[in-house]
Amino acid sequence: MPRHFAIVPAAGSGSRFGAEKPKQYLDLLGRPLIFHTLKALTACPDIERVWVVLAPDDPWWPRTDWSELGAKLETVRCGGATRAESVSNGLQAAAMVAADDDWVLVHDAARPCLSPAMLDALFADLSNDPVGGILAVPVADTLKRADAEQRVAATEPRDGLWQAQTPQMFRYGLLCDALQQCRDVTDEAGAVEALGLRPKLVRGDATNLKVTYPADLPLAAMILRARK
């Protein structure tokens, strides 16, 4: 049976957040934000190993005791300048363990509210899928296109539009090939799409938010507190 592994690219600086440290290390309920992200993955019985891909000169990681997350967690200091590069380097680190048919879940470091139910839905919907897929939610808000003066230039139809989330789950061999051929992408699904394939959309929900701006951090805290 194919196994499941996870890669968490965590070499980014989080510049849009505007904090003094990378946003993945900001405090969230007394722990670094990324602790909650990694706990969601290491606690999943279907995931055998989790690689977190750090920047080579990351000074923040050693300041926290990660032992509570157990033996599944492995750190590799091979983060690149882009997400695609970090994921590709993480895939290389997994080469001694993962087979081409094994599943790899790539998950954002700053998406700490992933729930077991979301992972279960991803596994169930994609177990026999020939391509793989991603967690996503249908776009609910009206979309406006802005002009150069930040005025509304057009209202865009939202029919059929989904907001991509993570994890994004693909076979190890396919994902390696996709990222080798297409590195100018913002997510793994984009690289797979560039091969002419169509990843499946697995419905998640809005609680699986990505912490991007300061206002997102208290929202994540509210979600995690509510689950406890």
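Rules of the game
Residues numbered from 1 in each chain as written. Predicted model: local features only at pLDDT ≥ 70, side-chain atom pairs only at ≥ 80, totals over all residues. Heavy atoms only, no water. Pairing = 2+ DSSP bridges. Helix = DSSP H or I, 4+ residues; strand = E, 2+ residues; numbered from the N terminus. Axes fitted to C-alpha atoms, helices over the stretch in contact; angles between N-to-C directions. Contact = heavy atoms within 4.5 Å. Salt bridge = Lys/Arg side-chain N within 4 Å of Asp/Glu carboxyl O. Buried < 20%, exposed > 50% of the residue type's maximum accessible area, 1.4 Å probe, protein only. Lys, Arg positive; Asp, Glu negative; His and termini not counted. Polar contact = N/O pair within 3.5 Å; in protein donor to acceptor, adjacent residues only side chain to side chain.

A look at the sheet that holds strand β11 (residues 200–203)
With respect to topology, seven strands assemble into an open sheet ordered β5-β4-β1-β6-β10-β7-β11, the strand pairing being mixed. Taken across any chain shown, the strands that pair with only one partner, and hence form the sheet edges, are β5 (73–76) and β11. Sheet twist, expressed as the average angle between the axes of neighbouring strands with direction ignored, equals 30°. Where strand β1 (residues 4–10) meets strand β4 (residues 47–54), seven bridges bridge the pair, whose relative direction is parallel. Bridge assignment links P9 to a residue of β4, and that residue is V53. Against the sheet, helix α1 (residues 33–42) engages β1, β4 and β5, with an angle of about 155° to β4. Running over the sheet, helix α2 (residues 83–93) touches β1, β4, β5, β6 (103–106) and β10 (162–171) and is turned about 140° from β1.

A word on the pattern of salt bridges
Pairing between side chains of opposite charge can happen when their charged atoms approach one another. Under the counting rule described, the total for this entry stands at nine salt bridges. A salt bridge links R3 to E48, with the nearest nitrogen and oxygen atoms 4.0 Å apart. Of the two residues, R3 sits in the segment before β1 while E48 sits in strand β4, which places them 45 residues apart along the sequence. Overall, the relative accessible area of 42% leaves E48 in the partly exposed class. Notably, a salt bridge pairs D108 with R111, separated by 3.0 Å at the nearest N-O pair. R111 sits in the buried class, given a relative accessible area of 7%.

Re the pairing of strand β8 (residues 143–146)
Bridging between β8 and strand β9 (residues 152–156) involves four bridges; their strand directions are antiparallel. Across the sheet, K144 pairs through a bridge with T155, a residue of β9.

Quick word on the side chain of D187
You can see D187 is positioned in the loop between α4 (172–181) and α5 (188–194). Notably, D187 is buried but unbridged: the nearest opposite-charge side chain belongs to R83, and the N-O separation is 6.8 Å. Only 3.0 Å separates the side chain of D187 from the side chain of Q168, close enough to count as a polar contact. Engagement of the side chain of D187 in a polar contact is seen with the backbone nitrogen of G190, the distance being 2.9 Å. Those residues in contact with D187 that sit more than four places away from it in its chain are R83, A164 and Q168.

Concerning α4
Within the span of α4, buried status applies to Y172, G173, L174, L175, A178 and L179. Elements in contact with the buried residues of α4: α2, β6, β10 and α5.

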